[in-house]
Structures are given as structure tokens and as C-alpha cells.
Amino acid sequence: MTRYTEGLENYKKKIAAITSQEMVINMGPQHPSTHGVLRLELITDGEVVKDIIPHLGYLHRCFDKHAESMNYGKAIPFTDRLDYLSSMNNSHAFVMGVERMLKIENKLPKRVEYIRVLVCELNRIASHLIAIGTYGIDIGAFTPFMWCFRDREHIMNMLEWASGSRMLYNYIWVGGLFYDLPVGFEKRCQEFVDYFKPKLVELDDLLSNNQIFISRTANIGALPADVAINYGCSGPMLRASGIKWDLRRVDGYSVYPELEFEIPVGKGEMGMLGDCWDRYKVRVEEVKESVKIIEQCLQRLQTDFKRTPDFDPRGLVPKKVNLKAQEYYVRAENPKGELGFHFVTQEKTDVPKRVKARGPSFNNLSVLPELGKGQLIADLIAILGSIDIVLGEVDR
């Protein structure tokens with residue numbers, strides 16, 4: 001309570017200290033250029049932003065308490081609702097933690113692991129397409145938004161075919177999968193990849209070298225590497241600042257060590273290292289790498305680990321998760337950064353005592369006041385869009 005009152009007093013002092021030349025402007029919580037229900041309280045001097053005070057808590061997702069009121073298997077649908085644009089990646093991280101505590105991680109069939117990576121990388125592309133498309137519309141480019149949603153629709157159709165759900169999949173379970181891939185899925189997925197490659201080149205050309213887009217993003221909101229680290233930034237936010245840190249490589253979980261792909265980083269090609277353009281470009285390059293991963297998974301799933309009549313995707317799914325009392329932290333590379341779950345388990349029950357989610361959007365958003373000081377209000381929209389937040393993960 002002391003920390004809350006201290007923060008409240010600091011806030012009151014900050015508002016009371018504004019001069020006659022400054023204004024307090026509310027951006028949100030319904031502002032169309034914010035990515036979710038977020039309110040930014042701006043202290044401005046004309047068009048220049050002097051300070052930013054983010055106000056959170058409009059969504060009330062309550063994931064942590066939901067997960068503490070039910071068993072591990074029943075909590076998986078609620079992980080989908082954190083970053084609801086990358087549900088597969090969320091559930092993958094959660095179930096990996098439970099499987100490691102059960103010590104069954106290395107017993108999973110390879111086909112299960114490759115299917116998990118396949119659907120997660122499809123979901124990563126879908127998430128990045130949302131980031132790129134909505135970023136274009138944030139700063140006035142409508143065509144990329146339509147192109148990105150057109151191509152994302154194909155991915156959503158495939159994931160719906162596999163899981164039966166349009167957006168919140170509940171497909172990756174503790175110990176396996178809800179179901180094997182439908183017959184013909186691999187072929188249709190390869191058809192999507194063949195269709196998508198030239199479309200991705202078109203999308204890249206449309207924005208990356210567009211002089212208007214470059215003027216709105218280059219040299220805007222540059223995030224130095226040391227500031228990114230100190231704020232706990234991760235994912236494209238961190239890599240755009242030149243730091244080659246990707247948990248798929250660093251931790252080497254699932255079958256990622258068996259796959260060939262690069263880790264794109266910002267290079268300051270159009271302006272300063274770690275600016276808005278770099279953050280956009282890293283996501284574009286990551287989509288290209290995800291396409292490579294998908295192709296390798298499809299090849300393995302149709303040769304080395306193809307479907308067989310005796311394959312049971314639920315073979316290791318436990319009827320009850322019996323764990324000894326312990327604390328465990330698991331992390332994975334969500335499209336927006338490091339998604340972590342801290343478990344505190346208890347004996348004689350399959351309901352955890354404590355579950356704490358570490359959402360990358362929350363940490364990435366925390367650096368916004370640092371990036372926005374001294375910027376124009378119009379540029380603040382570009383900076384916020386480049387962070388790519390989902391408020392379900394912030395207000396968890």
C-alpha cells in the first residue's frame with residue numbers, strides 16, 4: 001500500500017508542477033491509434049510531449065487468479081486470452097513449464113513437437129501481420145492494413161481447421177495436442193507458403209522503401225540498447241536495438257535447435273539504431289524467417305515424422321497433474337518478446353498455489369515515457385504503434 005500511495009503522491013506532484021505554458025491532454029482510453037484500451041496522460045508544451053503517464057487496468061483480464069482457481073489443464077484456454085493475437089505461443093510456453101515439472105518434456109513424440117512449432121510459427125506470422133498492418137494504418141497507410149489482413153485470413157483458416165477455433169485455440173495441451181493435424185493440412189500449408197512468399201516481398205516493398213513511411217519512422221523513438229535492457233524489453237523491441245537475443249536460440253526449447261533460421265536485428269539502415277523503422281523492419285524479417293521454419297517443419301512432418309495409424313497426440317496427457325511443492329519459472333519467445341510463467345505448486349492438489357505471468361507487452365510498454373519525451377504528439381502515435389502491445393497481456 002505504501003508503494004501505491006508513494007506513486008500516487010508523485011503523480012499529484014507532477015500534475016501540480018505543470019506551468020502555464022503546458023497542458024494535460026488525455027489520449028485514450030478510446031483513442032483509435034492506441035492498440036487496445038490504454039489511456040495516456042500527456043503533459044505537453046504546444047505540440048511537444050514533455051512527459052507521459054500511462055494508465056492501465058481498463059481490461060481486467062485477471063489471468064493469474066483464474067489460473068490459481070483451476071487445474072493446469074483447465075488454465076490453458078485462459079493463456080490464449082493473454083496476447084490473444086498469438087494464442088498458440090502462449091499455451092506452448094505454459095504447457096512447457098508444466099511438462100518440465102512433470103519431467104515428461106523429453107518423452108514427447110517428435111511429431112507433437114514439430115506440430116507445436118509449426119502452429120506457433122504460423123501464429124507468429126499472423127501476429128506480426130497485425131503489427132505491420134495496424135502500424136501502417138496508425139500513420140496513414142491503409143493499403144498495407146488490407147493486405148496484411150487478407151494474408152492473415154489464410155493462417156486463421158488453417159489454424160481453425162486444426163483446432164476448431166478461430167482465434168483462441170486451446171490446441172496445445174499438457175503432454176500433447178488436442179488432436180493431430182487434419183489430413184491434407186501439410187499440403188494446404190505448403191500452398192499458403194508458396195502463395196505468401198511473393199506477397200511478403202510486395203508488402204516489404206510497399207512500406208520499407210516508401211519515403212513517406214521512412215519520414216514518419218526513421219530517427220523517431222530511438223531506443224538505446226542499455227535502456228532497452230534496463231527496462232526489461234524483449235522480442236523485436238530489444239532486437240531492433242541491435243541485441244541478438246531470441247529465446248528460441250538462447251534456450252533452445254522444443255525442436256528449435258534442429259531448425260535453421262536467423263535472428264534479425266536492427267541496423268539503423270534508414271536512421272538511428274533502434275528507431276521506429278528498425279522495429280518495423282525486424283518484424284518483417286522475422287516473418288521471412290518464420291516462413292523458413294514452417295517449410296522445414298512441413299518437410300519433417302511428411303518424411304521423418306509423418307502420420308501413422310498408431311500415433312496418439314494425447315498419449316502423454318495426464319489425467320491429473322501431481323506435482324511436489326516447488327517454484328518454477330518457464331519462458332518462451334512470444335511474437336512480442338519473453339513470455340514467462342512463474343509457478344508455485346502445492347502437494348496433494350493439481351491446482352497451483354500461485355501463477356504469475358510475465359507478459360512482454362507490459363515491459364515493452366513501460367519504456368514509452370522514456371521514448372516519448374521531447375517528441376511531437378504525432379510522432380508519439382508512431383512510437384506507440386512500433387511497440388506492438390496487446391492490452392490483454394498488459395492488464396492480465
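Because the structure is predicted, anything quoted here is derived from the model rather than measured. Each chain carries its own residue numbering, running from 1 in the written order of its sequence. Side-chain atom pairs in this predicted model are given and counted only at pLDDT of 80 or more, local residue features only at pLDDT of at least 70, and totals for whole chains, interfaces and linings cover all residues. Only hydrogens and water are removed before side-chain values are computed, so all heavy atoms of the structure are retained for them.

### Concerning the sheet that holds strand β3 (residues 48–55)
Note the cut-off: Strands were regarded as paired on the criterion that DSSP finds at least two bridges between them. Helix and strand assignments follow DSSP, with helices taken as H or I runs no shorter than four residues and strands as E runs no shorter than two, numbered in order from the N terminus. Angles shown run from 0 to 180 degrees and are taken between the N-to-C directions of axes, each axis being a line fitted to C-alpha atoms and, for helices, limited to the stretch in contact.
As summarised here, the arrangement of the three strands in space is β1-β2-β3, forming an open sheet in which the pairing is antiparallel. Taken across any chain shown, the strands that pair with only one partner, and hence form the sheet edges, are β1 (23–27) and β3. Geometrically, the sheet is characterised by an average inter-axis angle of 25 degrees between neighbouring strands, direction not taken into account. Both β1 and strand β2 (residues 39–45) contribute to a ladder of five bridges, which runs antiparallel. The residue bridging Asn26 from the neighbouring strand is Glu41, located in β2.

### A word on the UniProt feature "domain: NADH-quinone oxidoreductase subunit D" (unreviewed entry) in the protein
Filter applied, for reference: UniProt positions are given in the numbering used here, feature names are shortened, and annotations may be inferred rather than shown by experiment.
Per the UniProt record, "domain: NADH-quinone oxidoreductase subunit D" (unreviewed entry) is found at residues 138–396. The distance from the first to the last C-alpha atom of residues 138–396 is 25 Å, and the span holds 47% helix and 10% strand.

### Observations regarding unusual backbone geometry
You will see that Asn219, though not glycine, has its phi angle at about 65 degrees, which is positive. Relative to the helices and strands, Asn219 is located in the loop between α8 (211–217) and α9 (225–230). Despite not being glycine, Asp388 has its phi angle at roughly 60 degrees, a positive value.

### Examining a nonpolar patch on the surface
The cut-off we apply is this: Like charges within 9 Å and nonpolar side chains (Val, Leu, Ile, Met, Phe, Trp, Tyr) within 5 Å are joined into patches, using only residues over 30% in relative accessible area that form no salt bridge. Note on areas: Shrake-Rupley, 1.4 Å probe, and residue coverage restricted to the protein chains presented here. One speaks of a salt bridge when a side-chain nitrogen belonging to Lys or Arg is within 4 Å of a carboxyl oxygen belonging to Asp or Glu. For every residue, the accessible area obtained with a 1.4 Å probe (protein chains only) is divided by the maximum for its type, and the residue is called buried under 20%, exposed over 50%, and partly exposed between those limits.
On the surface, Ile137, Phe142 and Met146 cluster together into a nonpolar patch covering about 280 Å² of accessible area. Considering the arrangement of structural elements, one finds Phe142 in helix α6 (residues 142–163). For Phe142, a relative accessible area of 48% gives the class partly exposed.

### Some remarks on the sheet that holds strand β7 (residues 337–344)
Formally: Two residues qualify as a contact provided that any one of their heavy atoms is within 4.5 Å of a heavy atom in the partner residue.
With antiparallel pairing, three strands are arranged side by side in an open sheet as β6-β7-β8. Only two strands of the sheet have a single partner each, and these edge strands are β6 (327–334) and β8 (354–358). Each strand of the sheet is rotated relative to its neighbour by a mean of 15 degrees, with strand direction disregarded. For β7 and β8, the ladder comprises five bridges, and the chain directions are antiparallel. Counted as the bridge partner of Gly340 is Arg358 from β8. This element, helix α4 (residues 87–102), spans β6 and β7 of the sheet and lies at about 150 degrees to β6.

### Digging into the state of the cysteines
Covalent bonding between the sulfur atoms of two cysteines is what defines a disulfide. Heads up, the rule is: When two cysteine sulfur atoms are found within 2.5 Å, that pair is recorded as a disulfide.
Under the criterion given, the structure shown has zero disulfides. As a non-bridged cysteine, Cys276 has Cys233 as the owner of its nearest cysteine sulfur, 13 Å distant. For Cys276, a relative accessible area of 0% corresponds to the buried category. With no disulfide of its own, Cys297 lies 9.1 Å from the sulfur of Cys189, the closest cysteine sulfur.

### Concerning the pairing of β7
Sheet faces and side chains relate simply in a regular strand, where the side chains alternate between the two faces. Among the eight residues of β7, seven are classified as buried, and the element is accordingly described as predominantly covered. In terms of strand pairing, β6 meets β7 through eight bridges, oriented antiparallel. Among the inter-strand pairings, Ala332 is bridged to a residue of β7, identified as Leu339. Linking β6 to β7, which pair antiparallel, is a turn of two residues.

### Remarks on helix α12 (residues 276–301)
Convention followed: The length a helix should cover is 1.5 Å for every residue beyond the first.
Over its 26 residues, α12 extends 38 Å from the first C-alpha to the last, a length consistent with the 38 Å expected when each residue adds 1.5 Å. Within α12, 19 of the 26 residues are buried, leaving the element largely enclosed by the surrounding structure.

### Some details on the nonpolar core
Where a protein is soluble and globular, its nonpolar side chains tend to be buried together. Quick reminder of the rule: The term nonpolar core refers to a set of buried residues drawn from Ala, Val, Leu, Ile, Met, Phe, Trp, Tyr and Cys, joined through side-chain atoms within 4.5 Å.
Counting 105 residues, the largest nonpolar core has Leu118, Leu122, Tyr171 and Phe341 as its most contacted members. Ranked by residue count, the leading element in this core is helix α5 (residues 110–138), at 13 residues. What Phe341 contacts, discounting residues up to four positions off in sequence, is Phe63, Thr79, Leu82, Asn90, Ala93, Phe94, Tyr328, Tyr329, Val330, Lys356 and Ala357.

### Points about the pattern of salt bridges
For the structure shown, the criterion picks out 34 salt bridges. With its nearest N and O atoms 2.3 Å apart, the salt bridge here joins Glu153 to Arg166. Of this pair, Glu153 sits in helix α6 while Arg166 sits in the loop between α6 and β4 (172–173), and the two are 13 residues apart along the sequence. The closest approach of N and O atoms between Arg300 and Asp304, which form a salt bridge, is 3.9 Å.

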